[in-house]
Amino acid sequence: MLKITKYPGLKYLFKPRSIAVIGASAKPGKIGYEIMDNILSYGFKGELYPINLKEVEILGKKCYKSINDVPGEIDFAIISIPAKYVPEAFEDCGKKGVKSAAIITSGFGEVGDFETENKLVEIAQKYNMPFIGPNIFGIVYAPTNLNASFGPADVKPGKLAFITQSGALGIALMGWTITNKIGLSSIISVGNKAQIGESELLENFLKDDPNTKAILLYVEGLIDGRNSMAIFKEVGLKKPIIALKSGRSQRGAAAAASHTGSLAGSDNIYSTAFKQSGVLRAIDASEAFDWARCITENPRPKGKNVVIITNGGGVGVMATDACEDYNLELYNDQEKLKELFFKPDIMPPFGSTKNPVDITGQGGELAYKKAIEAAFDSKDIHSIVVLYCQTATTNPDLIANYVIDEVRKHQNKKPFVIAGIGGEAVEVMIDKLNENQIPAYDLPEKAISSLSALYRWSDFVEQNEKIVKEKPLKLPVEKIKAIINEVRKEGRIQMLEHEAKEIFKLCGLNVPPFALVHSPEEAAEKAKEVGFPLVMKIVSEDIIHKSDAGGVILGINDIIGAEESFIKIMQNAKAYKPDANIRGIIVANMVPKSTEVIVGVSRDPTFGPVVMFGLGGIYVEIMKDVVFRVAPFSREEARKMVDGIKSKPMLYGARGSKPSDIEALVDTIHIISQLVSQIDDIKELDINPLFAMDSGAVAVDARITLSEK
Ligand code: ACO
């Protein structure tokens, strides 16, 4: 399913030996000047060629009127001239043999000019010259001292790659990372993503870049959601990916769509898709960077046991609450905790080892050092959280020094985060720690939330290591398509119930025994085969609401009842809609009432088929207790769906009721996910209700709508 396009030229965006700036300017304040200035001041070591029609020299570098006049080879061209001149200049780049490019210029797809934007893609393909943009602020890659952007000049080098779809926000966040001491390996503005977007950058460079440990995406919309998911998953197993996705509200989504010209898709589905592919979705920029700090500087935890070391009971309680909120487990072996921490050089006799380990307000700098050392040395503790409340008896700077020593000494062998709460001196301490690559925060909740993000990523990797690769289910695709073709031949896209149920039967799903009959005699004959009690339903594409038309009779217990019901339903249907095209009547075995659940499918414009599962009947509308997954997915994922609804206890046998057959539910959801992934014709599908019996799951009603061809 994964489609990978290889762009060998992309590495030159990050590691160019020579750069041309088309539209370089000698006038400070102009974009063409600022890019030149940043390239020079960030210390780029290769050749730099400003291209300008009038100037002789810009910032000490000899100017050329055209890229064709440049004597040497060019690895990377930055284009910053008005939109109408861009195609010609870009074509010249291709002719010159430029290996990669960044088109800064705005005024293409985002304002509706897709024609010119597509032309740029054609040029790029013709000359094998991948490009980022248009409508971007450039690129930064710290390891090669490359700042080819018109953002801030002094980006702090680090291990996080930041890919942003938004220009202005990207520049603002660049500045923010500097103030907040967040190190970046690279910043890539992707703008309209005409050719190169986040997926291409991940696959072609960042995945294997030793200088990048984690990736942060600012996304407004993905272009090929399904393929992006596959790439995120593949890359995310090696390096954590954090996503900041705007457009959570409906109005926000509309604004995002008009901002970048991309399909924003349904936000709910984005959350699901991110989760399925292991991407950590942050709610805002501050959370995203908090997580990034922890994730880039820490190893994967080797176990669940977290210990909190604090000098304040209150913050300890706050952190404990946060651990519960974020599903972190506090190490709870009281004997061992006492053995490790109940020592005179760590805490006074009135300290507590209960975890939070409270060294009390009397605990000094050395007590912190010893406690941290003990936690690092214990094989039973897997992650360390340190909390520090400023006191007059302690020196935050000294604590910072001890923390740096201890973390360095133990070579990052387990995750470590620290939160400092206090005044200016604590702010300085936090900065110092962050500058020394130790994730430090100003609130305990931020430290805990960040550590939990690391755990979530680690769990995702662990689960994937365990999962045995499942082969796609072998479904009788040809037979299914034959049924669909018959429906299409009649010019219909709405399948009738018996047609949908035939497809379900072919897939191995459980449907009540049924037959389509055309006379009272046939009804009587088939009734014996399907078994009493019976339900009989009208089959007509012209009668959607069968019950309203008197087209459904339940609880028929004998042959006479079957014959009479046939006549009655026919009379009702004819009275309801005299010209209705009646195909017959379904005679089906009536399954005993059971817990009703629903399995539904819709197609998302970005992600394709999405499967929904939840409690059925009236609860669907009222409770909205449903979960979604992008199809196809594994059986394990189907199980997570069943376990993911709030009403799960009802399925597992609440208050003495019999538990439902969970395996049968999992199978049904899994098979449906495979069916809609293998058969593109299916646009929507509903099994409502699906009876969750104590043995088996039965699709009592079925609806399939085909796509318009
Ligand atoms: N070859 C060489 N030089 C050229 C050419 C050419 N074909 N065409 C123009 N130039 C020169 C110009 O003479 C000028 O030089 P000068 O300053 O010495 O006069 C320079 O290149 C730039 O051209 P201008 O016509 O002055 O264009 P200007 O700099 O005003 O605008 C720009 C160009 C910046 C690309 C503009 O069209 C644009 O798109 N701006 C928006 C960029 C943007 O916002 N990107 C989006 C992401 S960032 C964000 O959202 C904040």
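One numbering rule holds for all chains: residues counted from 1, following each sequence as written. With the structure being a predicted model, the display of local features is reserved for residues of pLDDT at least 70 and the display and counting of side-chain atom pairs for 80 or more, all residues being used for whole-chain, interface and lining totals. Side-chain numbers here rest on the full set of heavy atoms in the structure, without hydrogens or water.

Asker: How do you make sense of the pattern of salt bridges when you look at a structure like this?
Answerer: A pairing counts as a salt bridge when a side-chain nitrogen of Lys or Arg comes within 4 Å of a carboxyl oxygen of Asp or Glu. Inspection of the entire model under this criterion finds 42 salt bridges. The shortest N-O distance in the salt bridge between Asp208 and Lys238 comes to 2.8 Å. With Asp208 in the loop between helix H6 (198–204) and strand E12 (214–219) and Lys238 in the loop between helix H7 (225–236) and strand E13 (241–245), this residue pair connects regions lying 30 residues apart in the sequence. Through salt bridges with shared partners, one network takes in Lys369, Lys370, Glu373, Glu406 and Lys409. Only DSSP runs of H or I covering at least 4 residues are called helices, and only runs of E covering at least 2 are called strands; the numbering of each starts at the N terminus.

Asker: Could you clarify how one ought to interpret the packing of helix H3 (residues 86–96) against helix H4 (residues 114–126) in this entry?
Answerer: Each pair of packed helices gets described by two things: the angle between the helix axes and the distance between those axes. Their axes nearest at 10 Å, the elements H3 and H4 cross at an angle of 5 degrees. Between H3 and H4, the angle falls in the class roughly parallel. On H4, the residues touching Val86, Pro87, Phe90 and Glu91 of H3 are Thr116, Leu120, Ile123, Ala124 and Lys126. Along the lines of polarity and charge, the residues of the contact of H3 with H4 split into 6 nonpolar, 1 polar and 2 charged. Axis lines are fitted to C-alpha atoms, over the contacting stretch for helices. Their N-to-C directions set the angle, which ranges from 0 to 180 degrees. Relative orientations are named as follows: roughly parallel for angles under 35 degrees, roughly antiparallel for angles over 145 degrees, roughly perpendicular for angles from 65 to 115 degrees, and oblique for any other angle. Contacts between residues were defined by any pair of non-hydrogen atoms, one from each residue, lying within 4.5 Å. The residue classification treats Ala, Val, Leu, Ile, Met, Phe, Trp, Tyr, Cys and Pro as nonpolar and Asp, Glu, Lys and Arg as charged. All others, Gly included, are polar.

Asker: Is there a simple way to explain the packing of aromatic side chains in this structure?
Answerer: Between two aromatic rings, the relevant description is the distance of the centres plus the angle of the planes. When two rings of Phe, Tyr or Trp (its six-membered ring) have centres within 6.5 Å they constitute a pair, described as stacked for plane angles under 30 degrees, edge-to-face for angles over 60, and tilted for the intermediate range. According to the stated counting rule, one finds 12 aromatic pairs in the structure shown. Judged by centre distance (5.8 Å) and plane angle (75 degrees), the ring pair of Phe162 and Phe289 falls under edge-to-face. Here Phe162 is found in strand E10 (residues 157–164), whereas its partner Phe289 is found in helix H10 (residues 285–297), with 127 residues between them in sequence. Burial classes: relative accessible area under 20% of the type maximum marks a residue as buried, over 50% as exposed, and values in between as partly exposed (1.4 Å probe, protein chains only). Accessibility expressed as a relative area gives 0% for Phe289, which makes it buried. One aromatic cluster is present, formed by Phe232, Tyr270, Phe274 and Phe607 through successive ring pairs. Between the NZ or CZ atom of Lys338 and the centre of the ring of Phe342, over which it lies, the distance is 6.0 Å. Residue placement shows Lys501 over the ring face of Phe514; its charged tip is 6.0 Å from the ring centre. Should the NZ of a Lys or the CZ of an Arg lie within 6 Å of a ring centre and within 35 degrees of the ring normal, that charge is described as sitting over the ring.

Asker: Sorry if this is basic, but what is going on with the sheet that holds E12 here?
Answerer: In a beta sheet, neighbouring strands pair by backbone hydrogen bonds and run either parallel or antiparallel. With respect to topology, 7 strands assemble into an open sheet ordered E9-E8-E11-E10-E12-E13-E14, the strand pairing being mixed. The sheet terminates laterally at strand E9 (146–149) and strand E14 (280–282), the two strands that pair on one side only. Ignoring which end each strand starts from, the neighbouring axes of this sheet average 20 degrees apart. For two strands to count as paired, DSSP must find a minimum of two bridges between them. The pairing of strand E8 (residues 138–141) with E9 spans 4 bridges and is classified as antiparallel.

Asker: Would you explain the site of the ligand in this entry?
Answerer: Here a residue counts as near a molecule or strand whenever at least one of its heavy atoms sits within 4 Å of it. The environment of the ligand is formed by 22 residues, the closest being Ser25, Lys27, Lys30, Asn52 and Ser106. Between the ligand and Lys54, the relevant distance is 3.1 Å, taken from an oxygen atom to a side-chain nitrogen or oxygen of the residue. Pairs of N or O atoms are called polar contacts if they sit within 3.5 Å, as long as, within protein, a hydrogen donor faces a hydrogen acceptor (for residues adjacent in sequence, only side-chain-to-side-chain pairs). Between the ligand and the protein, one listed contact pairs a nitrogen atom with a backbone N or O atom of Ile104 at 3.2 Å. For accessible areas, the Shrake-Rupley method is used with a probe of radius 1.4 Å. Any residue's cover is judged against the shown protein chains and nothing else. Burial of the ligand by the protein amounts to 74% of the accessible area it has alone, namely 1,000 Å². Partitioned by chemical class, the residues of the shell around the ligand number 10 nonpolar, 8 polar and 4 charged.

Asker: I keep staring at the sheet that holds strand E7 (residues 131–132) and nothing clicks. Help me out?
Answerer: Taken in spatial order, the 5 strands make up an open sheet running E2-E1-E5-E6-E7, and their pairing is parallel. Of all strands in the sheet, those with a lone pairing partner are strand E2 (47–51) and E7, marking the two edges. Taken together, the 5 bridges between strand E1 (residues 18–22) and E2 define a ladder with parallel strand orientation. Across the sheet, residue Val21 finds its bridge partner in E2, namely Pro50. The sheet contacts of helix H2 (residues 31–41) involve E1, E2 and strand E5 (76–79), and relative to E1 the element is tilted by about 165 degrees. Along the sheet, H3 contacts E1, E5, strand E6 (100–103) and E7; its crossing angle with E5, the most-contacted strand, is approximately 170 degrees.

These figures capture arrangement, not role.
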